[in-house]
Amino acid sequence: LTPATTRPSQDAGLTHRRTWFLASIGEPALASASLAGLVNNLNFGLSWGLFPLLFATRDLPTAQIAILFALYPGVWGIGQLFTGALSDRIGRKHLVTGGMALQAIALVIIGAGSSLTVWATGTIFSAWARDVYPTLLAVVGDVAHPTWRARAVGVYRVWRDLGYAVGAIIGGIVADLLGLQAALWVAAAISAVVAAIVAGRMYETLSTQHRNGASAT
């Protein structure tokens, strides 16, 4: 763990520019959360622009495509109740890195799949992996001082929400040039690389004391 006295949360007088720098590049945990958030939504923008086309080209009936689309937000929404609580018990870092790695696996499963069962499995994995949302926000809350926490969340959200646009653009370009499956392979590779980057750079932001308190409850 990084000692609390060296974290920027102790500095209550940060400027807007300094906050932007820390949350984007300078502070390892904040920057890792911003990067993971961007790629998390990159996958969403890319995948769910391409999934309907992929499923339709495999002659999946419209009703079954609708089932897959309903399955995704259902698992995603309910799962956050559990992943948020879990991060309070075991910490943030492993859930973030594990979630990014699971997204890569899910995209490979969906891209290589040829049946409703396989695609449903990949969809569940993908939705569960995106349940890192509350954990990423918790990272920002752990590190940022209350006087600039909202600004840090704002910077994180800028990067996170840019992922929708970046994913749609990358997905469209790669799909046009190399095909739908290739676009999924690219997204899977990006997710795997980011998982490795976060694993190497991010430190655990949840203190041992807080983890013990959460476990006791």
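Right above here is the structure, for reference.
Keep in mind that this is a model prediction, so the values were computed, not measured.

Colleague: I keep staring at the nonpolar core and nothing clicks. Help me out?
Modeller: Where a protein is soluble and globular, its nonpolar side chains tend to be buried together. If you look at the biggest cluster of nonpolar residues, it comprises 52 residues, and the most contacted ones within it are Leu30, Phe51, Phe55, Ile110, Leu136, Trp148 and Leu184. Those elements that provide at least two residues to this core are α1 (16–26), α2 (28–57), α3 (62–90), α4 (93–112), α5 (116–129), α6 (133–143), α7 (149–178) and α8 (180–201). Looking at this core, the element that brings in the most residues is α2, giving 13 residues. Not counting chain neighbours up to four residues away, the residues in contact with phenylalanine 55 comprise Leu60, Ile65, Leu68, Ile110 and Trp119.

Colleague: Looking at this structure, how should I read the pattern of salt bridges?
Modeller: When their charged atoms lie close together, side chains carrying opposite charge are able to pair. Applying the stated rule across the entire model yields four salt bridges. Here arginine 92 and aspartate 88 are joined by a salt bridge, their closest N and O atoms 2.8 Å apart. By relative accessible area, arginine 92 is classed as buried at 5%. Residue classification places aspartate 88 among the partly exposed positions, given a relative accessible area of 34%. Measuring nitrogen to oxygen at the nearest pair gives 3.3 Å for the salt bridge that ties aspartate 161 to arginine 157. Here the residue aspartate 161 and the residue arginine 157 both occupy positions in helix α7, the gap between them amounting to four residues, near one helical turn. Residue class for aspartate 161 comes out partly exposed when judged on its relative accessible area of 31%. Here arginine 157 falls in the partly exposed class, since its relative accessible area comes to 34%.

Colleague: Hey, could you run me through the packing of aromatic side chains in this one?
Modeller: Note on aromatic pairs: each is described by the distance of the centres and the angle between the planes. Applying the stated criterion across every chain yields a total of eight aromatic pairs. Taking 5.7 Å as the distance between ring centres and 35° as the angle between the ring planes, the aromatic pair formed by phenylalanine 51 and phenylalanine 55 counts as tilted. Of this pair, phenylalanine 51 and phenylalanine 55 both sit in helix α2, four residues apart, which is roughly one turn of that helix.

Colleague: Just to check I follow, could you spell out a nonpolar patch on the surface for this structure?
Modeller: On the surface, a cluster of nonpolar side chains totalling about 480 Å² of accessible area is made up of Ile78, Leu81, Phe82 and Trp128. Among the elements that line the nonpolar patch, the one with the most residues is α3, at three residues. Turning to its location among the elements, tryptophan 128 is positioned in helix α5. For tryptophan 128, a relative accessible area of 40% gives the class partly exposed.

Thresholds applied
- Residues numbered from 1 in each chain as written.
- Predicted model: local features only at pLDDT ≥ 70, side-chain atom pairs only at ≥ 80, totals over all residues.
- Heavy atoms only, no water.
- Core = buried A, V, L, I, M, F, W, Y, C linked by side-chain atoms within 4.5 Å.
- Buried < 20%, exposed > 50% of the residue type's maximum accessible area, 1.4 Å probe, protein only.
- Helix = DSSP H or I, 4+ residues; strand = E, 2+ residues; numbered from the N terminus.
- Contact = heavy atoms within 4.5 Å.
- Salt bridge = Lys/Arg side-chain N within 4 Å of Asp/Glu carboxyl O.
- Phe/Tyr/Trp six-rings, centres within 6.5 Å; stacked < 30°, edge-to-face > 60°.
- Patch = residues over 30% accessible without salt bridge, like charges linked within 9 Å, V, L, I, M, F, W, Y side chains within 5 Å.
- Areas by Shrake-Rupley, 256 points an atom, 1.4 Å probe, with all protein chains shown as cover.

Geometry only, nothing functional implied.
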